[in-house]
Amino acid sequence: MAHQQIKFYQTGTFTVGNRLLDQQLRTVQATADRSNSLDSGHRACQGCGEALGARFAIDAAMRATDNQLIATNATGCLEVFTTPSPESAWRIPWIHSLFGNAASVATGVAAAMRVKGRSEVRVIAQGGDGGTTDIGFGCLSGMFERNDDVLYICYDNQAYMNTGVQRSSATPGAARTATTQPIGDQPGADFGQGKNVPLIAMAHDIPYVATASVHDLHDLEAKIIKAMALHGSRYVQIFVPCPLGWGAHPQDTIKIARMAVECGLYPLFEAEHGEITNATKIRSRVDVTEYLKIQRRFAHVFKNPDQLAKIQAIADANIQRFELLSTVGNGQ
Amino acid sequence: MKTPFAITLDVGSSLLNKTGSWRNERPVYLDRLPPCNHACPAGENIQQWLYYAEEGDYNRAWQEIMRNNPLPAIMGRACYHPCESSCNRAQLDSAINIHAVERFLGDQAIREGWRIEITQAATGKKALVVGAGPSGLAAAYHLALAGHQVTIHEAGPLAGGMMRFGIPKYRLPRDIVEAEIQRILDLGVDMQLNTRVNDIPAVMNEGGYDACFVAIGAHLAKRVNIPTPDAGRILDAVSVLRGMETDAEPPRLGRRVVVYGGGNTAVDVARTAKRLGADEAVIVYRRTREQMPAHDFEIDEALEEGVVVNWLRTITAADEESFTIEKMELDDDGWPQPTGEFETIKADTLVLALGQNVDTSILENLPGVTIDRSGVVEVGPDMMTGYRGVFAGGDMVPAERTITVAVGHGKKAARHIDAYLRGKTYTAPPKHELAGFDLLNSWYYSDAEQTVQPMLDEIRRQTTFEEVLGGLDETNALFEARRCLSCGNCFECDNCYGVCPDNAITKLGPGKRFEFKYDYCKGCGLCVAECPCGAIKMIAEEI
């Protein structure tokens, strides 16, 4: 377990805070003085998972580094909705250059800080899945290969949302996007293509790789804090549902994330130097339909039993591969 | 305009951008009515006292109970806890063991000698309470707290009413009853035992009382006509249970006892008979187990102790040493009909437990008072009888006959009497909307099964009057309190504050809850969806 699981204090550690718990066992988000690195007034859609995930992650990193943090940002929703120049929702030193070079810019910032002798200043690079898995992938892989002292955070909403929901190499099979329409025998995105960047990052033998989800804040924060305690290249990928691109109700953002993890489609794990060290267990397993049925992008799947079976098979395989079920019973 | 290189506009924060204008629905915090509170006949704020108990602040939890119910140690034992039957947690795993926590708090108060202080100034008004049962005691307590001078007139030799003369010791130990009554008397309530009131206006006049609350209960046993050569072998349940308290020797019931009836009183008598040494204690009831008005757990406990129940039987006649019993069968409407098939049962005593009537003679001569056809006294919504200044409650008015209802009547009547004495009228505050299970996000609650109370072993249950059900200790009472879902009432889990993608919620600090920043809230509704306890709702914006 990445963090200490409190078995029972009314809500255990499932809620953001818990008045019955010691302060240090509550999340960063539960504190009145959290840094709110990504502040109000940003232009993200209602219920935006990415805005939520970014504040969760950067606030945790700010806490972990005693506010000595610089972030670089790839082009994408996160850049556009936070910073229509000259206005910004960021309350940290933050730089945007190009779509594909966030990792390289971060490498440069880290080098500059080293040269200036500012070893306490830490660097984060961040972007969406498009800027990470496709366009910025060369820069990212280079950063891993050099083991530069940067944490790269990918906010994974499984398509190019900023430009109008086009498929990326993180789009799952069967999902409808603007470029993978639900038509023909195999509607939506193809199966068997795309990249699993966390596993690719592990292949670079970097110190730390983790996946997280906006629905499990304790787990997410523990992974960011752990990543900031390490040096060298680190990669954290956070699952952030997109109500607009996925055709979901804004109030369901966290529920979708929860269902994605609880059905096994989005395994949460940690790896150090290429070896998986921990997987977050499923608390109460659900069928993939529970996840799919609350998103319009998968509506056609319910008329297509083949696709549904394929998606369930992916979830089942993940559960096997990452050992997502608790050995004792099916509960926590 | 002086701006940095390559910048044509002044830099600024996104806070200038009031995204609240995007919204067409707004979230609002609210308190909803938890189903336990909704079901409590005494009107306890159960969710609230569990909230204090969760924090380990047992004194404050007890004080919260005492705002509505002066008898928590008694109620935690003898109440049939409709709160638990309606508890939302039952749909998750099992209901909160509310009565066990209440009993723990009540016992803790007795152990620690916790007291309630009168904070209201003395009004100089005098109130007469007739009857020292749960209803009269509750009314006296609330009237004393309101600053009135209260005197109770009780016809019997001991206070407590049905808590003493109806509920056997093995369910409600007498030291508990005495301690909780004494705490009420310590508020300055004057108790006159062995004082029967026959003429209310005369007593009020003589004592200078400004108002009267009558709660004499229902203790006249209903009879049926069973032809018998020896009437001495047929007793009634009320006298048997009363005799257990007042007589020097327990009633002689013999070796084989038959109890006729299907209510809690019938079960109590059968279990008492078993404890007094009867080899056979048989309950005869004319309908089926499902239709028995006695509570399930009481029937179960009786069966465990060796009580036998004959369902679908009536008693038609008696001879020297046996009773004739007729088999019944249910008709299509579920009513028992005689079959003409008879059997006999040998028994020394028959105890009738067929319900009780009210001795209404005390009110019959008061002008304006109406006794309805079932023999109970009619009261208005303010608990006042047709005679101005005389209020009534408990078993003698139309309602379910439980001590919790009686305590609720006492409180309600006291509020109206207080208003009456001050020349005002009391209006109850409007009730919040109900917090149903569908409004909760139960994913957040930890898995935790109900804590089980210890039970006395069966041999001692068959031979002694020791208390059957044990209490919780501090550790498991705390655990049990923390199982509460806090339905409809914020318990400061910080979820709304954490899950808002727009940082549009201010955390106000412990005990002060949260506030929306409507300048920035886009109305996505995530806070409502992720609130575990249903304490936020969306309402339409006026556009």
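Now for a description of the structure that goes with this document. Throughout, residues of each chain are indexed from 1 in the direction in which the sequence is written. Just so you know, chain letters begin at A and ligand numbers begin at 1, following the order they were written in. Whole-chain, interface and lining totals are the exception, using all residues; otherwise, since this is a predicted model, local features are given only for residues with pLDDT of at least 70 and side-chain atom pairs are given and counted only at 80 or more. Excluded from the side-chain calculation are hydrogens and water; included are all heavy atoms of the structure.

So, the interface of chain A and chain B
What counts, and what does not: Should any heavy atoms of two residues lie within 4.5 Å, those residues are counted as being in contact. Computed with a 1.4 Å rolling probe, the buried area is the accessible surface lost when two parts are put together, summed over both parts. Note on definitions: salt bridges are taken to be side-chain nitrogens of Lys or Arg within 4 Å of carboxyl oxygens of Asp or Glu. Polar contacts here mean pairs of N or O atoms no more than 3.5 Å apart (in protein, one a potential hydrogen donor and the other a potential acceptor; neighbouring residues in sequence count only if both atoms are side-chain atoms). Secondary structure elements follow DSSP: runs of H or I no shorter than four residues count as helices, runs of E no shorter than two count as strands, and numbering proceeds from the N terminus. Any residue that is not Ala, Val, Leu, Ile, Met, Phe, Trp, Tyr, Cys, Pro, Asp, Glu, Lys or Arg is counted as polar, Gly included; the first ten are nonpolar and the last four charged.
Between chain A and chain B, the residue contacts involve 47 residues of the former and 50 residues of the latter. Summed over both sides, the interface of chain A with chain B buries roughly 4,200 Å², with 50% coming from carbon and sulfur. The largest per-residue losses of area from chain A upon contact with chain B belong to Phe8, Gln10 and Arg19 of chain A, which jointly make up 18% of the total buried on that side. At the boundary of chain A and chain B, one finds 4 salt bridges. Our count for the contact surface shared by chain A and chain B stands at 33 residue pairs in polar contact (both at pLDDT 80 or more). Of all the secondary-structure elements, those providing two or more residues to the side of chain A that touches chain B are helix H1 (49-64), strand S2 (87-88) and helix H9 (253-262) of chain A. In terms of residue count, H9 of chain A provides more of the side of chain A that touches chain B than any other element does, 5 residues in total. For the side of chain A that touches chain B, a count of residues per class yields 17 nonpolar, 19 polar and 11 charged.

Thoughts on the pairing of strand S4 (residues 149-153) of chain B
Note on strand geometry: in a regular strand, side chains alternate between the two faces of the sheet. Residue and element names in this part refer to chain B. Test applied: The buried label goes to any residue with under 20% of its type's maximum accessible area, the exposed label to any with over 50%, and the partly exposed label to all in between, with areas taken from a 1.4 Å probe on protein chains only. Here a strand pair is declared whenever DSSP counts at least two bridges between the two strands. Handedness of a crossover: with both strands directed away from the viewer, a clockwise path from the first strand across the helix to the second marks it as right-handed.
Most of S4 is tucked away: 4 of the 5 residues are buried. As judged from the 5 bridges shared by strand S3 (residues 126-130) and S4, these two strands associate in the parallel manner. For Leu128, the partnering residue across the bridge sits in S4 and is Thr151. Read as a crossover between parallel neighbours, the route from S3 over helix H7 (residues 134-145) to S4 is right-handed.

Structural notes on the sheet that holds strand S1 (residues 69-73) of chain A
The strands making up a sheet associate through backbone hydrogen bonding, with each pair oriented either parallel or antiparallel. Residues and elements named next belong to chain A. Applied cut-off: Think of each axis as a best-fit line through the C-alpha atoms, taken over the contacting stretch in the case of a helix, with angles from 0 to 180 degrees between the N-to-C directions.
In space, the 8 strands of this open sheet follow the order S3-S1-S4-S5-S7-S6-S8-S9, with mixed pairing throughout. At either margin of the open sheet sits one strand with a lone partner, and together these are strand S3 (94-96) and strand S9 (275-279). Strand after strand, the sheet turns through a mean of 20° between neighbouring axes, direction not considered. The pairing of S1 with S3 spans 3 bridges and is classified as parallel. Counted as the bridge partner of Thr72 is Ile95 from S3.

Considerations on the pattern of salt bridges
Counted according to the given criterion, the structure contains 55 salt bridges over all chains. With a shortest N-O distance of 2.8 Å, Asp316 of chain A and Arg285 of chain A are connected by a salt bridge. You can see Asp316 of chain A sitting in helix H11 (residues 305-321) and its partner Arg285 of chain A sitting in the loop between S9 and helix H10 (288-292), a full 31 residues away along the chain. Of the residues examined, Arg285 of chain A reaches a relative accessible area of 34% and is grouped as partly exposed. Close ionic contact of Glu541 of chain B with Arg23 of chain B constitutes a salt bridge, the shortest N to O distance being 2.8 Å. You can see Glu541 of chain B sitting in the segment after strand S20 (536-540) and its partner Arg23 of chain B sitting in the loop between strand S1 (12-13) and strand S2 (25-29), a full 518 residues away along the chain. One exposure class covers both Glu541 of chain B and Arg23 of chain B, and it is buried. Through salt bridges that share partners, Arg171, Asp268, Arg271, Arg275, Glu298, Glu301, Glu304, Glu305 and Arg461 of chain B make up one connected network.

What to know about empty space enclosed by the protein
All names here are of chain A. Short version of the rule: Two kinds of site are reported from a 1 Å grid over the protein atoms alone, namely cavities, where a 1.4 Å probe fits but cannot get out, and pockets, open sets with protein on both sides within 12 Å along at least five of seven lines, and residues are called lining when an atom falls within 4 Å of a point. Grid points are joined across faces, edges and corners, and a volume is the space filled by probe spheres set on the points.
Tallied over the full model, the rule gives 7 cavities of 30 Å³ or more. Put simply, the largest cavity is a space of about 130 Å³. Around the largest cavity, the lining comprises 17 residues; the ones closest to its centre are Gly76, Cys77, Gly128, Ala159 and Met161. Elements supplying a minimum of two residues to the lining of the largest cavity: helix H2 (77-82), strand S4 (122-128) and helix H4 (129-134). When the residues that make up the lining of the largest cavity are grouped by side-chain class, the tally is 6 nonpolar, 9 polar and 2 charged.

Focus on the nonpolar core
Residues and elements named next belong to chain B. Note the threshold: Among the buried residues, those of types Ala, Val, Leu, Ile, Met, Phe, Trp, Tyr and Cys that are joined through side-chain atoms within 4.5 Å form a nonpolar core.
Counting residues in hydrophobic clusters, the biggest one holds 96 residues, and the most contacted among them are Trp49 and Leu50. Among the elements that line this core, the one with the most residues is H7, at 8 residues. Sequence-distant contacts of Trp49, that is, excluding residues within four places in its chain, are made with Glu44, Ala61, Glu64, Ile65, Ile98, Val101, Glu102 and Leu105.

Observations regarding the sheet that holds strand S13 (residues 322-330) of chain B
Residue and element names in this part refer to chain B. Across the sheet, 3 strands lie side by side as S12-S13-S14; this open sheet has antiparallel pairing. Whereas interior strands pair on both sides, the edge strands pair on one side only; in this sheet they are strand S12 (313-318) and strand S14 (336-346). For this sheet, the mean angle separating the axes of adjacent strands, direction not counted, is 30°. Of the pairings in the sheet, the one linking S12 to S13 comprises 5 bridges and is antiparallel in character. Bridge pairing in S13 places Ala318 opposite Phe323.

With respect to the environment of Ile371 of chain B
Residues and elements named next belong to chain B. For Ile371, the position within the fold is in the loop between helix H14 (361-364) and strand S17 (390-392). Given the relative accessible area of 27%, Ile371 is considered partly exposed. Here the alpha-carbon distance between Ile371 and Pro229, two residues 142 residues apart in the chain, equals 36 Å. Excluding residues that lie within four positions of it along the chain, Ile371 makes contacts with Thr360, Glu364, Val376 and Val377.

Focus: helix H2 (residues 46-54) of chain B
All names here are of chain B. Within H2, 8 of the 9 residues are buried, leaving the element largely enclosed by the surrounding structure. Regarding H2, the residues found buried are Ile46, Gln47, Trp49, Leu50, Tyr51, Tyr52, Ala53 and Glu54. In this structure, the buried side of H2 is in contact with helix H1 (35-39), helix H3 (58-66), helix H5 (82-85), helix H6 (98-112) and helix H17 (474-481).

Considering the packing of aromatic side chains
Let me state the cut-off plainly: The rule is short: rings of Phe, Tyr and Trp, with Trp giving its six-membered ring, pair when the centres are within 6.5 Å, and they are stacked under 30 degrees, edge-to-face over 60, tilted in between. Our definition puts a charge over a ring when NZ of Lys or CZ of Arg is within 6 Å of the ring centre and also within 35 degrees of the ring normal.
In total, this model carries 22 aromatic pairs over all chains according to the counting rule given. Seen in terms of ring centroids, Phe391 of chain B and Tyr420 of chain B are 5.8 Å apart; in terms of plane orientation they differ by 70°. Their pairing is edge-to-face. Taken together, the residues span a long stretch of sequence, with Phe391 of chain B in strand S17 and Tyr420 of chain B in helix H15 (residues 403-421) at a distance of 29 residues. On the basis of relative accessibility, which here comes to 1%, the residue Phe391 of chain B falls in the buried class. Between Phe516 of chain B and Tyr518 of chain B, the aromatic rings sit 5.7 Å apart at their centres with planes inclined by 35°, giving tilted as the arrangement. Of the aromatic side chains, those joined through ring pairs into one cluster are Tyr29, Tyr497, Phe514, Phe516 and Tyr518 of chain B. If you follow Arg34 of chain A out to its NZ or CZ, it ends over the ring of Tyr497 of chain B, 3.8 Å from the centre. One Lys or Arg, Arg275 of chain B, reaches over the ring of Tyr170 of chain B and ends 3.7 Å from the middle of that ring.

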